Amino acid sequence: MLPQVVELAEQNMLAINPNTRDKKEVMAKCPFCAGESKNDKFYLSLNPHKNVFKCWYCKKFGGAIQFEALLENEEYQTIYRKYFGKGKKKTKHPALKLEPNQLRAIGWQQVKVQDYETFKKKQNEVLRHWKIYEYEEMTKLYAVYLLVGYFDHGDPMRYQQWFIQKTNETVVSDVIKKIKSSESTKWKEKGTEIARKVYKVTRTDDSPENLFVNVLILIELMRKNGSKSATV
Ligand SMILES: [Zn+2]
């Protein structure tokens, strides 16, 4: 709950023009320019409805938090935190957001459970491992996705269902969404290259499982040939 500007004025003993107490604008003496402005004038306008303040003399203005910060001679953030806990949450490192099954896939789950301090210290390394893993998974799935598109003439439903099932098996999240996104990525480039090569060696009556195996074999071959195929 935010502080109220009129209450703040009262708490800080600002002189309030009694004739304006119940008005839309409550006028008070401005503590920020008291020395400069004529002391007998009420330059500070407080709007209880909008919960804002403005001085017509020194032009200071703002909301309740700003008002309290100026009155207390505190940083805005300090007052903000007073009302909104710790303020804007520090964004969590992406590695710390990985799910247990995702960490398991890259061999970090146990470290996280057993030695969280170490895990936290190595969060950049964890993230790098995850990025590589995700890249490889997405490359593979994207290649299969393209191939399923080429070869589904006979039984599109079966191929599509098979593919959806395949995406459910991976610990990478939102696979379909990532694939359908128009964003161009390295794994799309690589996946397309792999799909083209597999296409040439695949018979039109191959099952989706065969397509998948062919993709895996090709990735393995490329890896052995030392091309930077399956790694970032
Ligand atoms: Zn003022």
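Residues numbered from 1 in each chain as written. Predicted model: local features only at pLDDT ≥ 70, side-chain atom pairs only at ≥ 80, totals over all residues.

Peer 1: Now, about the domain arrangement of the protein: what can you tell me, with residues and values included?
Peer 2: Domain boundaries assigned for the protein yield domain 1 (5–83) and domain 2 (121–224). On a C-alpha basis, the centroid separation for the pair domain 1 and domain 2 is 62 Å. (Domains from an automatic or database assignment.)

Peer 1: How would you explain the packing of helix α2 (residues 64–72) against helix α3 (residues 76–83) if you had to name every residue and give the values?
Peer 2: As a packed pair, α2 and α3 sit with axes 8 Å apart at the nearest point and diverge in direction by 120°. The angle between α2 and α3 places the two elements in the oblique class. Taken as a pair, α2 and α3 cross one another with a handedness that is right-handed. On α3, the residues that touch Ile65, Gln66, Glu68, Ala69 and Glu72 of α2 are Tyr76, Ile79, Tyr80 and Tyr83. (Axes fitted to C-alpha atoms, helices over the stretch in contact; angles between N-to-C directions. Helix = DSSP H or I, 4+ residues; strand = E, 2+ residues; numbered from the N terminus. Parallel < 35°, antiparallel > 145°, perpendicular 65-115°, else oblique. Left-handed = near helix turned anticlockwise from the far one by under 90°. Contact = placed C-beta atoms within 7 Å.)

Peer 1: Just give me the short version of the environment of methionine 13, but keep the residues and values in it.
Peer 2: Inspection of the secondary structure assignment puts methionine 13 in the loop between α1 (5–11) and β1 (26–28). By C-beta crowding, methionine 13 is classed as exposed, having 9 other C-beta atoms within 10 Å. On a C-alpha basis, the gap between methionine 13 and proline 31 in space is 9.6 Å, while along the polypeptide they are 18 residues apart. (Buried ≥ 20, exposed ≤ 12 C-beta atoms within 10 Å, placed from the backbone.)

Peer 1: Outline the packing of helix α7 (residues 123–151) against helix α11 (residues 208–224), supporting the account with residue identities and numerical values.
Peer 2: It is at 10 Å that the axes of α7 and α11 come closest, and there the two elements cross at 140°. Of the possible angle classes, the one that applies to α7 and α11 is oblique. Every pair of crossing elements has a handedness; the one defined by α7 and α11 is right-handed. The residues of α11 that touch α7, namely those facing Lys140, Ala143, Val144, Leu147, Val148 and Phe151, are Pro208, Leu211, Phe212, Val215 and Ile219. Split by residue class, the contact of α7 with α11 holds 10 nonpolar, no polar and 1 charged. (Nonpolar A, V, L, I, M, F, W, Y, C, P; charged D, E, K, R; others polar.)

Peer 1: Before we move on, could you go through unusual backbone geometry and cite the residues and values that matter?
Peer 2: The backbone of methionine 13 shows a phi angle near 60°, a positive value even though the residue is not glycine. For asparagine 51, which is not a glycine, the phi torsion comes out positive at approximately 55°. Considering the arrangement of structural elements, one finds asparagine 51 in the loop between β2 (44–47) and β3 (52–55).

Peer 1: Quick one: what's the story with the sheet that holds β3, residue by residue and with numbers?
Peer 2: Strands sit in the order β1-β2-β3-β4 across an open sheet of 4 strands; the sheet is antiparallel. In the strand order of this sheet, the two ends are held by β1 and β4 (61–63), each with one partner. The sheet shows a mean angle of 20° between the axes of neighbouring strands, direction not considered. Where β1 meets β2, 3 bridges bridge the pair, whose relative direction is antiparallel. Paired with methionine 27 across the strands is serine 45, a residue of β2. (Pairing = 2+ DSSP bridges.)

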